[in-house]
Amino acid sequence: MNKTKPVIRVLLIVLLVVVLIMSGLWLFYPPQQNAPASSGPTYNEVQVLAQQLNFPQISEDHEIGTTESIVNDDAANAESIHYPVLGIDSIDQKIKQKVDDIKAEFERQKAEFAAKDPNLQSELLVEYSSYVMGEHTASVVLSYDYNFSSLAHPDAQVDTLVFDLKEEKQLTLDDVFQGDYRPVLSKLAVQQFEQSDLYKEAVQEEQFQAAINDPETFQKFALKDGNLLLYFDKYQLFAGSYG
């Protein structure tokens with residue numbers, strides 16, 4: 001027997017913007033002009049302190065799961081990783097595999113940069129949000145930064161996982177919508193960005209038009225409070241000049 005797919009009202013299109021708390025930003029990037037001239041914590045010591053303190057707080061964005069953390073004390077190669085454990089083995093394995101994939105890519109890039117810079121410093125920061133919708137649908141959003149001392153700015157990315165907890169199945173948008181839904185999502189995304197003073201002119205540019213009409217664009221999503229949240233990677237829709 002075929003199951004009827006739930007139809008979700010699309011109310012919100014979310015452009016991923018990674019925002020760092022200013023105090024945390026200062027800890028990781030202390031102003032050089034304010035560094036103490038005499039004895040005091042070194043940059044590396046401050047960096048270690050920062051990653052040790054970087055534990056997520058219970059918030060409205062952690063609706064399901066207990067936090068599992070991987071935090072090291074290596075000042076030159078700091079890792080602060082936090083992800084949810086939902087208590088369902090098959091689903092927890094998928095979440096852990098995604099975390100392992102993120103870490104593996106970080107190690108690959110670190111080795112590549114280290115080959116050119118023997119004094120390389122690196123940071124991997126992984127945080128999460130988790131949402132519940134209905135009786136058995138859960139979404140996990142993993143936001144992470146790859147940061148290397150040879151980069152001008154951290155590389156901010158996002159991955160999403162949506163699960164049917166009852167069936168222990170990972171969901172795609174094809175499981176959520178009926179029919180050809182992608183043109184509708186494209187139209188809604190365009191309307192959303194046209195209302196933004198920052199992006200309204202960019203929607204006519206070739207990069208945006210190509211991306212918004214690419215079926216692969218709408219792969220990262222979450223379900224929350226009857227809403228569909230779409231996530232886009234940095235530079236996926238707009239050039240870096242748009243912020």
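Quick caveat, the model's predicted, so the values are computed rather than measured.

Enquirer: Would you mind showing me how to read the overall build of the protein chain here?
Expert: Across its full length, the protein chain carries six helices and eight strands. Looking at the protein chain as a whole, 40% of its 243 residues qualify as buried. Taking the contacts inside the protein chain whose residues are at least 6 apart along the sequence as the reference set, 61% of them involve residues at least 24 apart. For the protein chain, the computed accessible surface area is about 13800 Å², with 52% contributed by carbon and sulfur atoms.

Enquirer: Explain helix H3 (residues 89-114) here, please?
Expert: Within an α-helix, residues lying three or four positions from one another point in the same direction, as the helix has 3.6 residues per turn. Taking 1.5 Å as the rise per residue, H3 with 26 residues should run 38 Å; its terminal C-alpha atoms sit 36 Å apart, in good agreement. Within the span of H3, buried status applies to Ile-91, Asp-92, Ile-95, Val-99, Ile-102, Phe-106, Gln-109 and Lys-110. Where H3 is buried, its residues touch strand E2 (77-85), strand E3 (122-133), strand E4 (137-148) and strand E5 (155-164).

Enquirer: Is there a simple way to think about the pairing of E4 in this case?
Expert: Look at any regular strand and the pattern is simple: side chains alternate between the two faces of the sheet. Taking burial as the measure, the twelve residues of E4 include eleven buried ones, the bulk of the element. Counted between consecutive antiparallel strands, the loop separating E3 from E4 contains three residues, among which Gly-134 sits at a positive phi close to 70°. Pairing analysis gives ten bridges linking E4 to E5, with the strands arranged antiparallel. Bridging across to E5, Asp-145 finds its partner in Ala-156. Joining the antiparallel neighbours E4 and E5 is a turn of six residues.

Enquirer: Honestly, unusual backbone geometry in this entry has me stumped. Any pointers?
Expert: Non-glycine residue Glu-168 carries a positive phi angle of around 55°. Tracing the backbone through its elements, the reader meets Glu-168 in the loop between E5 and strand E6 (169-170). Relative accessible area serves as the criterion here: at 41%, Glu-168 is assigned to the partly exposed category. The backbone phi angle of Asp-225 is positive, close to 50°, even though this residue is not glycine. Following the sequence through the fold, Asp-225 ends up in the loop between strand E7 (221-224) and strand E8 (227-230). On the basis of relative accessibility, which here comes to 57%, the residue Asp-225 falls in the exposed class.

Enquirer: For this particular structure, what's the right way to read the sheet that holds strand E1 (residues 66-71)?
Expert: What holds strands together in a sheet is hydrogen bonding between their backbones, with the strands either parallel or antiparallel. Pairing within the open sheet is mixed, and its six strands lie in the order E1-E2-E3-E4-E5-E6. Of all the strands in the sheet, just E1 and E6 have a single pairing partner and so form its edges. Two strands pair when backbone bridges link them, and E5 and E6 are joined in this way by two bridges, in the antiparallel orientation. The partner of Asp-164 across the bridge, within E6, is Lys-169. Set on the sheet, H3 makes contact with E2, E3, E4, E5 and E6; between it and E4 the angle comes to about 10°.

Enquirer: Whenever I open this one, the confidence of the model for the protein chain confuses me. Can you help?
Expert: Interpretation of the predicted coordinates at a detailed level should be avoided for regions scoring low in pLDDT. Summary statistics for the protein chain give a mean pLDDT of 77 and a share of 74% for residues scoring 70 or more. Under a pLDDT of 50 for its full length, residues 1-58 has, in the predicted model, 96 contacts with residues more than four places off or in other chains.

Enquirer: What's the story with the packing of aromatic side chains in this structure? I'm lost.
Expert: Any two aromatic rings considered together are summarised by their centre-to-centre distance and by the angle between their planes. Overall, the coordinates contain nine aromatic pairs when judged by the stated rule. Here Phe-113 and Phe-148 contribute two aromatic rings whose centre-to-centre distance is 4.8 Å and whose plane-to-plane angle is 40°, an arrangement assigned as tilted. Remark: Phe-148 occurs in strand E4 and Phe-113 occurs in helix H3; sequence separation between them is 35 residues. Look at Phe-148 and you get buried, because its relative accessible area is 1%. Taken together, the ring pairs connect Phe-106, Phe-113, Tyr-144, Tyr-146 and Phe-148 into an aromatic cluster.

Enquirer: Explain the nonpolar core to me, please; I cannot follow it from the model alone.
Expert: Proteins that are soluble and globular tend to have nonpolar side chains buried together. Within the largest apolar cluster, 25 residues are counted, with the highest numbers of intra-cluster contacts made by Leu-173, Phe-193, Phe-208, Phe-221, Leu-228 and Leu-237. Those elements giving two or more residues to this core turn out to be helix H4 (173-176), helix H5 (182-194), helix H6 (206-212), E7 and E8. Ranked by residue count, the leading element in this core is H5, at four residues. By size, the runner-up hydrophobic cluster in this structure holds 22 residues, among which are Ile-64, Leu-120, Leu-124 and Tyr-144.

Enquirer: Whenever I open this one, the environment of Lys-96 confuses me. Can you help?
Expert: Within the fold, Lys-96 resides in helix H3. Within the structure, Lys-96 has its side chain in polar contact with the side chain of Asp-100 (distance 2.7 Å).

Conventions used here
- Residues numbered from 1 in each chain as written.
- Predicted model: local features only at pLDDT ≥ 70, side-chain atom pairs only at ≥ 80, totals over all residues.
- Heavy atoms only, no water.
- Helix = DSSP H or I, 4+ residues; strand = E, 2+ residues; numbered from the N terminus.
- Buried < 20%, exposed > 50% of the residue type's maximum accessible area, 1.4 Å probe, protein only.
- Contact = heavy atoms within 4.5 Å.
- Areas by Shrake-Rupley, 256 points an atom, 1.4 Å probe, with all protein chains shown as cover.
- Expected span 1.5 Å × (residues − 1).
- Pairing = 2+ DSSP bridges.
- Axes fitted to C-alpha atoms, helices over the stretch in contact; angles between N-to-C directions.
- pLDDT = per-residue confidence, 0-100.
- Phe/Tyr/Trp six-rings, centres within 6.5 Å; stacked < 30°, edge-to-face > 60°.
- Core = buried A, V, L, I, M, F, W, Y, C linked by side-chain atoms within 4.5 Å.
- Polar contact = N/O pair within 3.5 Å; in protein donor to acceptor, adjacent residues only side chain to side chain.

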